[in-house]
Amino acid sequence: MRLLARLPGVGEKTAMRFALHLITDAALARELGASLVELPARIGPCERCGNLAELSADGQVRCSICRDTRRDPTLLCVVAKIQDLLAIERSGAMRGRYFVLGKLLSPLDGIGPEELPLRSLVAIIRSEAVTEAIIATPPSVDGEATALYIARELSGLGVRTTRIASGIPHGGDLEFADQITLGRALEGRRRIGE
Amino acid sequence: MTPSLALRRVSVRGLRNLARVDIEPVPRLNVIAGDNGHGKTSLLEAIYLVSTTRSFRAERAGEVVQTGQDLATIIATVQDGLVVREQRAIVGPRVKSYLVDGKRPDRLVTFATLTPVVVFHPGDLSLVTGPASLRRTLLDRVALFHEPTSGDHRQRFLRALRERQDILERKGSSAAELSVYEELMAREGALLAAARERAAERLTEALTPAFTRMAARELELGVSYRPGGTTDSDQFGAALFSHRAADLRRHTATFGPQRDELELSIDGRPARTQASQGQQRVLTLALKVAELATVRAARGAEPILLLDDVSSELDPARTGAVYEFLRETSGQVFVTTTRPDLLVTPGATIADRADWHLRDGALVP
């Protein structure tokens, strides 16, 4: 129970429910246990981008996206966490590859630029002929700060740095968009035909 | 005339000393009577909280929970024109949940501006004489109703400010990431300053006539917004850069809208220090009347007015304030008083006024 409660989003009560259920369902407990034992040996972070990767027998750890040769090598999308990568993948709009930061700048939590994996990012951009880095960190204060910082760090590398737009959700009418999103979309307006 | 916006029913559970209170207010004047400490102000606080997500006397909404309870719940049925909605606030030390007709709103600000409420409570008596933060809060409330994004700019600015100050103090004034946070402060701070400037203009337009109407003799009122930052984001960024050493030394950010002031003067002299008490009182009332007017203009509906403890036998001037407000609004009003008998409302018929009596946190007949 103590171990279960260490999982994100699981409190004491939920941990208790899980534990009691596992006690009554022995088959599930065994199956879950076996999968958990295998997990660290089979799945780990991709050594290039930080995405989830299945570990291969020859010890090479590359995720399916980094191994996919049809991906556009000149486009690199920088995201904060794996969930964000998966969300962008679902959109189908990203033809290039990714780089997962794993964290955002957050001085009040003691996370400064030295905690960001910028050296790996710069190495990838240098060695892989990347021409555009798309910074897709969230529009929060920390996400913006991280985007600005990365853009500055990449400025000498001859790579075009872009920021994803924020604005109106598609399929919705303007009249139903929430005020802040609509306000931000207006502030971030752009010229038609550019 | 029946106001277009009014609370039809209010239920409070577990808020301060109110274990269980249900009232069905009348559309116009609701008088809440009772001795001090029996829950009058708590009832106004409940109404304010379910309308704005904030308390006017606690720093955090979670502080209002009754001792021994986990949560406070307030449910209000609101008549808004032809539409009736239910707003619900459930707050506790670790919970904050606001629902409109059972659904979570997109954003808190959507909820907080749905039912406009203006409160006048004893703390407001220092609006003219007290710290500048009180007048900034007034500007922010006006801004929020006209431009909901202003609240977002304010929050983001203050967050970036805290982060920059933290970096300054831990790493010194040459830390590489300082400039990023300064850029964010400059961007958000300039937008906030612009919103406050517009709010000050709107407030001034309503304040001048209100003050002239209420002042005993002809006095010249001066109102000016003195920004602590600037509305130009480039200048803002440059100023932050040059203030680094000073901000480190003084342990506080010295440039930006966190130092804005709304300067008030009467006959050319600062109202804060040099006006008479009578003039300060009239100016305070006029400021609240102006807030009422600007929120009314933004929302196209008469805000609900909450008047806390404004009548007192020791101070007939405060009872007078109630009449000033009743003249200024045609909307729904809630008044708390220890002496309902002093609150004679000329012209009000029985249907226009309802009296409630609270004792030990419960309604008594």
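Calculation criteria
Residues numbered from 1 in each chain as written. Chains lettered and ligands numbered in written order. Predicted model: local features only at pLDDT ≥ 70, side-chain atom pairs only at ≥ 80, totals over all residues. Heavy atoms only, no water. Axes fitted to C-alpha atoms, helices over the stretch in contact; angles between N-to-C directions. Helix = DSSP H or I, 4+ residues; strand = E, 2+ residues; numbered from the N terminus. Parallel < 35°, antiparallel > 145°, perpendicular 65-115°, else oblique. Left-handed = near helix turned anticlockwise from the far one by under 90°. Contact = heavy atoms within 4.5 Å. Nonpolar A, V, L, I, M, F, W, Y, C, P; charged D, E, K, R; others polar. Buried < 20%, exposed > 50% of the residue type's maximum accessible area, 1.4 Å probe, protein only. Arc of directions from axis to C-beta. 1 Å grid on protein atoms, 1.4 Å probe; cavity = no way out; pocket = protein on both sides within 12 Å on 5 of 7 lines; lining within 4 Å. Points joined across faces, edges and corners; volume = space filled by probe spheres on them. Domains from an automatic or database assignment. Salt bridge = Lys/Arg side-chain N within 4 Å of Asp/Glu carboxyl O. Polar contact = N/O pair within 3.5 Å; in protein donor to acceptor, adjacent residues only side chain to side chain. Pairing = 2+ DSSP bridges.

Take the packing of helix H5 (residues 178-214) of chain B against helix H9 (residues 277-299) of chain B next. All names here are of chain B. Contact geometry of H5 with H9 gives a least axis separation of 8 Å together with a crossing angle of 135 degrees. When the axes of H5 and H9 are compared, the pair comes out oblique. In the crossing of H5 with H9, the sense of the turn from one axis to the other is right-handed. Of the residues in H9, those in contact with Arg202, Leu203, Ala206, Leu207, Ala210, Phe211, Arg213 and Met214 of H5 are Gln279, Val282, Leu283, Leu285, Ala286, Leu287, Val289, Ala290, Glu291, Ala293 and Thr294. The class makeup of the residues in the contact of H5 with H9 is 14 nonpolar, two polar and three charged.

The periodicity of an α-helix, 3.6 residues per turn, causes residues three or four positions apart to be oriented the same way. All names here are of chain A. If you check which residues of helix H5 (residues 118-127) are buried, you get Leu118, Leu121, Val122, Ile124 and Ile125. For H5, the buried positions fall inside an angular range of 160 degrees around the axis, keeping them on one side. Seen from the buried face of H5, the exposed residues on the opposite side, beyond 90 degrees, are Arg119, Arg126 and Ser127. Taken together, the buried residues of H5 touch strand S3 (75-79), strand S4 (97-100) and helix H6 (141-154). Residue Ala129 follows H5 closely and has a positive phi angle near 55 degrees.

Turning our eyes to something else, we now look at the layout of surface pockets. In this structure, the second largest pocket encloses a volume near 1000 Å³. Those elements giving two or more residues to the lining of the second largest pocket turn out to be H6, strand S6 (160-163) and helix H7 (179-187) of chain A together with helix H4 (149-171) and H5 of chain B. In terms of residue count, H7 of chain A provides more of the lining of the second largest pocket than any other element does, five residues in total. Across the lining of the second largest pocket, the residue classes tally to eleven nonpolar, seven polar and eleven charged. When we break the lining of the second largest pocket down by domain, the ones giving at least three residues each are domain 2 (72-163) and domain 3 (166-194) of chain A.

A separate point is the packing of helix H3 (residues 132-146) of chain B against H5 of chain B. All names here are of chain B. H5 packs onto H3 with a crossing angle of 95 degrees between their chain directions and a minimal axis gap of 8 Å. With respect to their mutual orientation, H3 and H5 come out roughly perpendicular. Residues Arg136, Leu138, Leu139, Asp140, Val142, Ala143 and His146 of H3 touch H5, and the partners they reach there are Leu192, Ala195, Arg196, Ala199, Ala200, Arg202 and Leu203.

Time to look at the domain arrangement of chain A. You can read the domains of chain A as domain 1 (2-41), domain 2 (72-163) and domain 3 (166-194). Placing the centre of domain 1 of chain A and that of domain 3 of chain A at their C-alpha centroids yields a distance of 44 Å.

This part covers the interface of chain A and chain B. Facing the 24 residues of chain A at the interface are 28 residues of chain B. Linking chain A with chain B are six salt bridges, by the criterion used here. The shortest N-O distance in the salt bridge between Asp142 of chain A and Arg159 of chain B comes to 2.9 Å. In this assembly, chain A and chain B are joined by nine residue pairs in polar contact (both at pLDDT 80 or more). Secondary structure elements with two or more residues in the side of chain A that touches chain B: H6 and H7 of chain A.

This brings us to the sheet that holds strand S2 (residues 18-23) of chain B. Residues and elements named next belong to chain B. Taken in spatial order, the five strands make up an open sheet running S2-S1-S4-S5-S6, and their pairing is antiparallel. The outermost strands of the open sheet, each flanked by one partner alone, are S2 and strand S6 (96-100). For this sheet, the mean inter-axis angle between neighbouring strands, taken without regard to orientation, is 10 degrees. Each of strand S1 (5-15), S2, strand S4 (72-80), strand S5 (83-91) and S6 is contacted by helix H1 (residues 40-52), which is oriented at about 110 degrees to S1, the strand it contacts most.

Residue and element names in this part refer to chain A. In terms of burial, S3 is a largely internal element, five of the five residues being buried. In the sheet, S3 pairs with strand S5 (residues 132-135) via four bridges, with the strands oriented parallel. The residue bridging Leu76 from the neighbouring strand is Ala133, located in S5. One ladder, built from four bridges, connects S3 with S4; its direction is parallel. Considered in S4, the bridge of Val79 is made with Val100.

Turning our eyes to something else, we now look at the side chain of Glu261 of chain B. Residue and element names in this part refer to chain B. For Glu261, the location among the structural elements is in strand S9 (residues 261-266). A polar atom in the side chain of Glu261 sits 2.9 Å from the side chain of Arg135. Excluding residues within four positions of it along the chain, Glu261 makes contact with Ala132, Arg135, Ser224, Tyr225, Arg226 and Arg272.

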